[in-house]
Amino acid sequence: MVLNDFNKLEARAMSQQEIFEVALPKVEHVAAGAVLLRSYAETSQAAVLESIHQIEASSPFRHMVTPGGFRMSVAMTNAGRIGWVTDRSGYRYSPLDPLSGRAWPHLPGLLSRLASDAAASAGFPSFEPDVCLINRYAPGARMALHQDKDERDFDQPIVSLSLGLPATFMFGGLKRTDKPLRIRLLSGDVIVWGGVNRLAYHGIAPLPKGVHPLTGAFRINLTFRCGL
Ligand code: MD6
Ligand code: FE
């Protein structure tokens, strides 16, 4: 009788554990302040891509120019109250899309919820992004090592979602010369990044050729931030 009750209890504990395994995302440690949520957006990536198509219908992807005068190999657009831009006069956030002279498209609820939930899973419970920078990589496109320092509040993390072709993410240290870790990012992976490594150097190695069922010949990366 007693043994039987114990078995029932144990059976219930087991099934709760199973529920948690399904409900809680797998959190991989990358570095202090940086975690990788593998396949976090697996089930929502088609809907995310549909949102991107709507955004690019009003603010198309374009190759911006760096302050030094180089055309970026990555094509970019934005959604949200502000957007990240670069031209000969510098890097900055702007409330207007310089191509259209109008506001950037609204940040869809699906995307801001996904980013807030991912941040909460990574230990940042009150993250509410006001900008989503969308990067599109064709084969050969790359992002040189850089720091993200155009935001006002470095206490807020950045949430980064990868879609489509795999890429090698380089995660360095606080000095440009620190040797970077190399992390392979797959479609649906999310990195949440803040804390002591908020200003770490990072970049993307040149994208290898490939075809992905979701995005064809591209990789798309969304970074959610509090820029205001
Ligand atoms: C990319 N990402 O993954 C470029 N920056 O295409 C970034 O530059 C980045 O993924 C800050 C935090 C997360 C990132
Ligand atoms: Fe960055």
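Scoring rules and cut-offs
Residues numbered from 1 in each chain as written. Chains lettered and ligands numbered in written order. Predicted model: local features only at pLDDT ≥ 70, side-chain atom pairs only at ≥ 80, totals over all residues. Heavy atoms only, no water. Near = heavy atom within 4 Å. Polar contact = N/O pair within 3.5 Å; in protein donor to acceptor, adjacent residues only side chain to side chain. Areas by Shrake-Rupley, 256 points an atom, 1.4 Å probe, with all protein chains shown as cover. Pairing = 2+ DSSP bridges. Helix = DSSP H or I, 4+ residues; strand = E, 2+ residues; numbered from the N terminus. Donors = N, O, S within 2.8 Å, 3.2 Å for Na, K, Ca; no water. Buried < 20%, exposed > 50% of the residue type's maximum accessible area, 1.4 Å probe, protein only. Core = buried A, V, L, I, M, F, W, Y, C linked by side-chain atoms within 4.5 Å. Contact = heavy atoms within 4.5 Å.

A. Representation of the site of ligand 1 within the structure. In the vicinity of ligand 1 lie 13 residues, with Y137, D148, S160, H202 and R219 positioned nearest. H146 is positioned such that a nitrogen or oxygen atom in its side chain is 3.1 Å from an oxygen atom of ligand 1. With respect to ligand 1, the side chain of H202 contributes an N or O atom lying 2.7 Å from a nitrogen atom. In isolation ligand 1 offers 340 Å² of accessible surface; the protein chains occlude 98% of this area.

B. Region of the structure containing the pairing of strand β5 (residues 90–94). Pairing geometry for strand β4 (residues 83–87) and β5, over five bridges, is antiparallel. By the bridge assignment, D87 is partnered in β5 with G90. Here β4 folds back onto β5 in antiparallel fashion, the turn holding two residues.

C. Broad picture of the coordination of the iron ion (ligand 2). Around the iron ion (ligand 2), the protein supplies H146 (NE2), D148 (OD) and H202 (NE2) as donor atoms, at distances of 2.1 to 2.3 Å. All donors of the iron ion (ligand 2) come from a single chain, and their spacing in sequence reads H-x1-D-x53-H. Of this pair, H146 sits in strand β7 (residues 143–146) while H202 sits in strand β12 (residues 202–204), and the two are 56 residues apart along the sequence. With relative accessibility at 23%, the residue H146 sits in the partly exposed group. A residue is classified by how much of its surface remains accessible, and H202, at 7% relative accessible area, is buried.

D. Representation of the pairing of strand β1 (residues 27–31). Sheet topology note: the β1/strand β2 (residues 34–37) ladder contains four bridges and is antiparallel. Its bridge partner being in β2, E28 is matched across the sheet by L36.

E. Quick peek at the nonpolar core. Counting residues in each nonpolar core, the largest one holds 29 residues, and the members touching the most others are M76, Y137, M143, F169, F171 and I183. Listing elements by their share of this core, those giving two or more residues are β1, β2, β4, β6 (131–137), β9 (167–171), β10 (181–185) and β11 (190–193). Counting residues in each nonpolar core, the second largest holds 28 residues, with L37, A79, C132 and V190 among its members.

F. Region of interest: the environment of A31. When you line up the elements, A31 lands in strand β1. The class for A31 is buried, based on a relative accessible area of 12%. In the structure, A31 is positioned 150 residues away from L181 in sequence and 9.4 Å away in space, judged by C-alpha atoms. Among all residues touching A31, those that are not within four sequence positions of it are F171 and N197.

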